[in-house]
Amino acid sequence: MLKAYCYSRCTTCKKALKWLDEHKIEYDFVDIKADHPDEEAIRKYHAMSDLPLKRFFNTSGQIYREMGLSKKLPSMSEDEQFALLATDGMIVKRPLLVGDDFVLTGFKEAEWAEKLL
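This structure is a prediction, so every number in the text was calculated from the model and none was measured. (Residues numbered from 1 in each chain as written. Predicted model: local features only at pLDDT ≥ 70, side-chain atom pairs only at ≥ 80, totals over all residues. Heavy atoms only, no water.)

Novice: Quick rundown of the overall build of the chain? Include the residues and the values.
Specialist: Helix and strand counts for the chain come out as six helices and four strands. Relative to the compact-globule value of 13 Å for 117 residues, the chain shows a C-alpha radius of gyration of 14 Å, a close match. Dimensions of the chain, computed from C-alpha atoms along their principal axes, come out at roughly 40 × 25 × 25 Å. Here the chain holds 117 residues, and the buried ones make up 44% of them. Of the roughly 6900 Å² of accessible surface on the chain, 48% is carried by carbon and sulfur atoms. (Helix = DSSP H or I, 4+ residues; strand = E, 2+ residues; numbered from the N terminus. Rg over C-alpha atoms; globule rule 2.2 N^0.38 Å. Buried < 20%, exposed > 50% of the residue type's maximum accessible area, 1.4 Å probe, protein only. Areas by Shrake-Rupley, 256 points an atom, 1.4 Å probe, with all protein chains shown as cover.)

As structure tokens, then:
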């Protein structure tokens, strides 16, 4: 079963969930704000994704901007970045879709279709 980490007020998450529903793809909804992935999960998802760690950050989020992360991340170690991602689900790029052997960050319809259809 897919796990979809989403924020209920996020329009991109709403589009992604609607797309999953339209394609009759079952998933477990996880509120990323209330039940965000811990550091161990983020490390696992990163390893499964083949994506740069930078892609796991919600670069358009309010917390990202308030913390000035665009300037801080380049000088942070990976361990520090993993720890930071685990502190608040609103720092994590969403939706975060986790399958048995893949992870997708953000909603790009073509990318999702390639993995799921």
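Here the narrative resumes.
Novice: Can you explain the environment of C10? Please cite residues and give values.
Specialist: Tracing the backbone shows C10 in the loop between strand 1 (2-6) and helix 1 (11-22). Take C10: its relative accessible area is 11%, and that puts it in the buried class. Sequence separation of C10 and F29 is 19 residues, and the distance between their C-alpha atoms is 13 Å.

Novice: Can you tell me about the sheet that holds strand 1, naming the residues and giving the values?
Specialist: The sheet built from four strands is open, its strands ordered 2-1-3-4 with mixed pairing. Only two strands of the sheet have a single partner each, and these edge strands are strand 2 (27-31) and strand 4 (103-105). In this sheet, adjacent strand axes meet at a mean angle of 15° when their direction is disregarded. Note that strand 1 and strand 2 share five bridges and pair parallel. In the strand pairing of strand 2, Y5 is matched with V30. Helix 6 (residues 109-116) rests against strand 1, strand 3 (96-98) and strand 4 of the sheet, and its axis sits at about 170° to strand 4. (Pairing = 2+ DSSP bridges. Axes fitted to C-alpha atoms, helices over the stretch in contact; angles between N-to-C directions. Contact = heavy atoms within 4.5 Å.)

Novice: Got a sec to walk through the nonpolar core? Specific residues and values, please.
Specialist: By size, the foremost hydrophobic cluster in this structure holds 40 residues, and its most contacted members are L97, W112 and L116. Per-element accounting of this core gives the leading share, five residues, to helix 1. Non-local contacts of W112, meaning those with residues more than four positions away in its chain, are made with A16, W19, L20, P95, L97, L104, G106, F107 and L117. (Core = buried A, V, L, I, M, F, W, Y, C linked by side-chain atoms within 4.5 Å.)

None of this, on its own, says anything about what the molecule does.
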